[in-house]
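Residue-level structural notes
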Amino acid sequence: MNNQYNCLPTEWKELIVNGQTLVDETKKRMKTQSKPVDLICRLQLRDDCKAVEKFIKILGKGKTSQQDAKNLELAILRLETSSRGILK
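Predicted model only: the values in this text are computed from it and were never measured.

**Some points on the pattern of salt bridges**
A full pass over the atoms with the stated rule returns four salt bridges. Two residues, Lys 27 and Glu 53, come together in a salt bridge whose shortest N-O distance is 3.2 Å. One end of the pair, Lys 27, is in helix H1 (residues 10-32); the other, Glu 53, is in helix H2 (residues 39-60), with 26 residues separating them in the sequence.

Pasting the structure below:
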């Protein structure tokens, strides 16, 4: 983890790690999926991954609020739900 994340609360660091792990796993499964994923589903997963990465970047900038962490948590939940529904 970068030095920019050292000043964050532990809960937020866990959210960041969980979010980035989920993004990495989703991207990997999209590439190795045995049956093809249609365009709309790929776009949905891509947008959900970008949302998680966006909120991770916001938290990494330092001056953040509890609402930013809540937004990251919701983005992770959305990605997890769509990933399970589309890729499994």
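Now that the structure is up, let's keep going.
**A look at helix H3 (residues 66-87)**
For H3, spanning 22 residues, the distance from its first C-alpha to its last is 31 Å, which sits close to the expected 32 Å at 1.5 Å a residue. Listed as buried for H3 are Asp 68, Ala 69, Leu 72, Ala 75, Ile 76, Leu 79, Ser 82, Ser 83 and Leu 87. Taken down its axis, H3 places every buried residue within 160° of arc, on the same side. Every exposed residue of H3 that faces more than 90 degrees away from the buried side is listed here: Gln 66, Thr 81, Arg 84 and Gly 85. In this fold, the buried residues of H3 make contact with H1 and H2.

**What about the nonpolar core?**
If you look at the biggest cluster of nonpolar residues, it comprises 20 residues, and the most contacted ones within it are Ile 16, Val 52, Leu 72, Ile 76 and Leu 79. For this core, the elements supplying multiple residues, two or more each, are H1, H2 and H3. At seven residues, H2 tops the list of elements feeding residues into this core. Leu 72 has contacts with Leu 15, Ile 16, Val 52, Phe 55, Ile 56 and Leu 59, leaving out every residue within four places of it along the chain.

**A look at the packing of H1 against H3**
Viewed as axis vectors pointing N to C, H1 and H3 meet at an angle of 25°, and their least axial separation amounts to 10 Å. Put simply, H1 runs roughly parallel to H3. Between H1 and H3 lies a crossing whose hand is left-handed. In contact with Trp 12, Leu 15, Ile 16, Gly 19, Leu 22, Val 23, Thr 26, Arg 29 and Met 30 of H1, H3 contributes Gln 66, Ala 69, Leu 72, Glu 73, Ile 76, Leu 79, Glu 80, Ser 83 and Leu 87. Of the residues in the contact of H1 with H3, the class split is 11 nonpolar, four polar and three charged.

Rules of the game
Residues numbered from 1 in each chain as written. Predicted model: local features only at pLDDT ≥ 70, side-chain atom pairs only at ≥ 80, totals over all residues. Heavy atoms only, no water. Salt bridge = Lys/Arg side-chain N within 4 Å of Asp/Glu carboxyl O. Helix = DSSP H or I, 4+ residues; strand = E, 2+ residues; numbered from the N terminus. Expected span 1.5 Å × (residues − 1). Buried < 20%, exposed > 50% of the residue type's maximum accessible area, 1.4 Å probe, protein only. Arc of directions from axis to C-beta. Contact = heavy atoms within 4.5 Å. Core = buried A, V, L, I, M, F, W, Y, C linked by side-chain atoms within 4.5 Å. Axes fitted to C-alpha atoms, helices over the stretch in contact; angles between N-to-C directions. Parallel < 35°, antiparallel > 145°, perpendicular 65-115°, else oblique. Left-handed = near helix turned anticlockwise from the far one by under 90°. Nonpolar A, V, L, I, M, F, W, Y, C, P; charged D, E, K, R; others polar.

Bear in mind that shape data such as this cannot, by itself, settle questions of function.
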